[in-house]
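Structural characterization, general
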Amino acid sequence: SEFTREDAALALIGLFPIAAIAWAVLAQSKYVAALAQLGSLFEREESHGLATNQRASAAEKQKDKALHKARLAVKSADKAFYVLGVLNVAITAYIAGAAPRHYYLWHTPKALVLVAVRWYTFLQQGKHWLLADFCYWANLIGLLYLWRYRESALL
């Protein structure tokens with residue numbers, strides 16, 4: 001089982017989405033930034049309106065500054081999680097295509113950790129019943145297929 005030119009070409013094709021995403025983030029692509037900020041237009045208008053209000057008291061201005069810092073922190077976290085999510089999709093697709101025999105080693109810990117975190121956060125919010133959603137059942141069935149019923153035509 002040698003590593004042929006065809007294998008190298010397929011590896012490069014598989015790594016292209018990851019490289020493109022990394023380049024867009026590092027180069028601060030205006031197109032990618034515009035897509036990432038589509039949902040925040042209203043928030044920017046609202047914060048701009050608060051900042052230009054000249055009749056605000058000193059306490060309100062201090063509160064606005066704290067709120068602005070909190071929003072910036074949330075936006076930074078959102079950007080980081082967005083990049084991680086896109087990289088997750090790209091890496092998952094690459095592993096599923098390039099090394100399907102080892103896909104379970106990538107998917108199993110990821111699914112268990114992410115579902116456990118979601119269960120905990122939903123439980124804290126009193127929304128644990130949302131775990132009955134299709135995607136969680138699909139992950140469970142996927143794990144059952146990967147670990148127990150690999151030969152099942154039904155799954």
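Everything discussed here concerns the structure shown above.
As a starting point, this report considers the structure included with it. Here the structure is a predicted model, which is why all the values come from computation and not from measurement. (Residues numbered from 1 in each chain as written. Predicted model: local features only at pLDDT ≥ 70, side-chain atom pairs only at ≥ 80, totals over all residues. Heavy atoms only, no water.)

Focus on the overall build of the chain
Each helix and strand counted, the chain has 6 helices and 0 strands in total. When the helices and strands of the chain are placed in sequence order, the string is α-α-α-α-α-α. Accessible area of the chain: about 12800 Å², with a carbon and sulfur share of 66%. (Helix = DSSP H or I, 4+ residues; strand = E, 2+ residues; numbered from the N terminus. Areas by Shrake-Rupley, 256 points an atom, 1.4 Å probe, with all protein chains shown as cover.)

Side note on a nonpolar patch on the surface
A surface patch of nonpolar side chains, about 400 Å² in accessible area, is lined by W137, L140, L144 and Y149. Here L140 shows up in helix α6 (residues 134-147). (Patch = residues over 30% accessible without salt bridge, like charges linked within 9 Å, V, L, I, M, F, W, Y side chains within 5 Å. Salt bridge = Lys/Arg side-chain N within 4 Å of Asp/Glu carboxyl O.)

Thoughts on α6
Residues that lie three or four places apart on an α-helix share one face, since the helix turns once every 3.6 residues. Given a rise of 1.5 Å per residue, 14 residues ought to cover 20 Å, and the 20 Å separating the end C-alpha atoms of α6 matches this to within 8%. Burial in α6 covers these residues: Y136, L143 and L146. Mapping the buried residues of α6 onto a view down its axis gives an arc of 85 degrees, with all of them on the same face. (Expected span 1.5 Å × (residues − 1). Buried < 20%, exposed > 50% of the residue type's maximum accessible area, 1.4 Å probe, protein only. Arc of directions from axis to C-beta.)

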